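Coordinates in review
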Amino acid sequence: MLRYLVSRVVMLLVQVFLVLTLVFVLFRVAPGDPAALILGPNATGEQVELLRTRMGLNDPILMQYLNYLGGLIVGDFGQSTSYSAPVMQVVFGRIPATLALLGCSLLLAVGVGVSAGVFSAVRPASLFSKGTLLLWVLLLAVPNFWLGMILIQLFAVQLGWLPAIGSAGLAGLVLPAVAVAARLVALIARLTRATMLETLGEDCMRTAAARGVSPARMVLVHALKPAAPAILTMVGLQAGYLLGGAVVVENLFSYPGMGQLLLASVSQRDYTLMQGITIVFVCGFLLINLVVDLVSSRIDPRVRILGGAR
C-alpha cells in the first residue's frame, strides 16, 4: 500500500507540474495583450507599457516562467487588479462556499444514486425500476443550467418553497446542489444497477442463498461491495464535470463561490485572478482523483496490483 501511495503521489506531482506549465503557456499564447485587456480601450500606450512592466510581461519568456514557478512555490499567485488584493486571498474567500456546494452535491448524488440503483437491481421488473430508467436518461440529456432554471421556476417562483438565490443560507444551497448533482445521480444509479444485476446473477450468490445468508446481507455486502470501486471511479471521473457545472450553476443562482468569481474575473479582465482560479480548479480535480484511487485501492486490492504494474 505504501509503495502504491508513493507512486501515486509522485505521479500527482508530475501532473501538477505539467498543468502549471500548460496554464502558463496557454495564458501567454492567448490572443491579445493582457495589460491592454485589463486597462481597457481608453488606456494610453504609456499606461499599458507600465502595467506590462509591473506584470513582468516584458521579461524574456524563460525568466517569466521561472518567476511564475518561483511565485507559485511560495504561494504568490500575483495581485488581483479588480480586487486590489493577492489572488489567493480572494480565491480562499470563495473556496468554502464551492466546497459546500460540491460536498452537498456529492452526498446527494451518491446517496440517491446508490439507493435507487440498489432498489432497481433487486426488483428489475418493477414499475419503479422501469420508471427510473427513463428518468436517468432524461437527467443525462438535460443541461444543468436548464434544469436549474426549471427548479427556480417551480420551487422558488411558483411554489415559493426555496429561495432562488444561492447565498440565502442553507435553504439556498438546496436547488444549486440538485442542479449540479442531477447528472451524477443518473450515472451512479445506472452503474450501480448494472453492476449489481451482474453480481446477483452469479453462482456464488445462489450458493450464499442456499447457505441461509439473509437477503439484506447478500445485497448490501456481497453484491454492493464489488460495485463500490466502480462507483468511486465514476465519482472521480465526474469530478471535472462537477467543477465545470458549479461554474454555470453558481452564476445562475448568484452563489458566492469560485465559479461565480471565475466568470467575474473574465468580465473584469482580471488576468492574474483567472490564472489562479484555473490552477486551483485543475489541482483540485487531480487531488480528487488521487483520493478516489487511494480509497478504491483500499476497497479492492486489485487496483493496487494494476497500479503497480503500470
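Residues numbered from 1 in each chain as written. Predicted model: local features only at pLDDT ≥ 70, side-chain atom pairs only at ≥ 80, totals over all residues. Heavy atoms only, no water.

Broken down by element type, the protein carries 16 helices and two strands. Here the protein, with 310 residues, has 40% of them falling under the buried criterion. Taking contacts inside the protein between residues at least 6 apart in sequence as the whole, the part at least 24 apart equals 72%. Taken as a whole, the protein presents about 16600 Å² of accessible surface, with 70% of it coming from carbon and sulfur. (Helix = DSSP H or I, 4+ residues; strand = E, 2+ residues; numbered from the N terminus. Buried < 20%, exposed > 50% of the residue type's maximum accessible area, 1.4 Å probe, protein only. Contact = heavy atoms within 4.5 Å. Areas by Shrake-Rupley, 256 points an atom, 1.4 Å probe, with all protein chains shown as cover.)

The biggest cluster of nonpolar side chains holds 72 residues, and the ones touching the most others in it are Y68, V91, I188 and I277. With residues near it in sequence (within four places) discarded, Y68 still touches L20, V23, F24, Q275 and I279. (Core = buried A, V, L, I, M, F, W, Y, C linked by side-chain atoms within 4.5 Å.)

All right, on to the UniProt feature "transmembrane region" (unreviewed entry) in the protein then. Listed under "transmembrane region" (unreviewed entry) in the UniProt record, and renumbered for this structure, are residues 97–121, 133–155, 161–186, 227–253 and 273–295. The span residues 133–155 shows a helical share of 91% and a strand share of 0%, and its end C-alpha atoms are spaced 24 Å apart. Secondary structure across residues 273–295 comprises 100% helix and 0% strand; the distance between its end C-alpha atoms is 33 Å. (UniProt positions renumbered as here; feature names shortened; annotations may be inferred.)

Among the surface-exposed residues, L2, L5, V6, V9, V10, L13, V14, F17 and L18 lie close enough to one another that they form a single nonpolar patch of about 800 Å² accessible area. Structurally, F17 can be placed in helix α1 (residues 2–29). (Patch = residues over 30% accessible without salt bridge, like charges linked within 9 Å, V, L, I, M, F, W, Y side chains within 5 Å. Salt bridge = Lys/Arg side-chain N within 4 Å of Asp/Glu carboxyl O.)

As a further point, take unusual backbone geometry. If you check the backbone angles, S84 has positive phi at about 50 degrees while not being a glycine. As for its placement among the helices and strands, S84 is situated in the loop between β1 (79–80) and β2 (85–86). Judged by its relative accessible area of 60%, S84 is exposed. Within the chain, S254 stands out as a residue other than glycine whose phi angle is a positive 55 degrees.

This brings us to the environment of L273. As for its position among the elements, L273 is in helix α15 (residues 271–299). Residue L273 is classed as buried on the basis of its relative accessible area of 0%. For the pair L273 and A85, spaced 188 residues apart in the sequence, the C-alpha separation amounts to 10.0 Å. If we skip the residues at most four places from it in the chain, L273 touches S80, S82, Y83, V87, V90, V91, L261 and S265.

All right, on to the side chain of N144 then. Relative to the elements of secondary structure, N144 occurs in helix α8 (residues 144–158). Not counting chain neighbours up to four residues away, the residues in contact with N144 comprise A179, Y241, G245, V248 and V249.

A few words on the packing of aromatic side chains. The tally for this structure, following the rule as stated, stands at five aromatic pairs. Among the aromatic residues, ring-to-ring pairing joins F24, Y65 and Y68 into one connected group. (Phe/Tyr/Trp six-rings, centres within 6.5 Å; stacked < 30°, edge-to-face > 60°.)

Next up on the list: the packing of helix α6 (residues 95–122) against helix α7 (residues 127–141). Two numbers describe how α6 lies on α7: the axes approach to 9 Å, and their chain directions differ by 135 degrees. Taken together, α6 and α7 sit at an angle that is classed as oblique. Two packed elements cross with a definite hand, and for α6 against α7 that hand is left-handed. Here A116, F119 and S120 of α6 lie close against α7, whose contacting residues are F128, S129, T132 and W136. For the contact of α6 with α7, the per-class residue count stands at four nonpolar, three polar and no charged. (Axes fitted to C-alpha atoms, helices over the stretch in contact; angles between N-to-C directions. Parallel < 35°, antiparallel > 145°, perpendicular 65-115°, else oblique. Left-handed = near helix turned anticlockwise from the far one by under 90°. Nonpolar A, V, L, I, M, F, W, Y, C, P; charged D, E, K, R; others polar.)

With respect to the element layout, S105 can be found in helix α6. Residue classification places S105 among the buried positions, given a relative accessible area of 0%. At 2.7 Å, the side chain of S105 forms a polar contact with the backbone oxygen of L101. Apart from the residues lying within four places of it in its own chain, the contact partners of S105 are A177, V180 and A181. (Polar contact = N/O pair within 3.5 Å; in protein donor to acceptor, adjacent residues only side chain to side chain.)

What follows is about helix α3 (residues 45–55). Taken residue by residue, α3 has V48, L51 and R52 as its buried positions. Along the axis of α3, the buried positions cluster into a sector of 105 degrees, meaning they face one direction only. Residues of α3 that are exposed and angled more than 90 degrees away from the buried face: E46, L50, T53 and R54. On its buried face, α3 sits against α2 (34–39). Count one or two residues on from α3 and you reach G56, which has phi positive near 75 degrees. (Arc of directions from axis to C-beta.)

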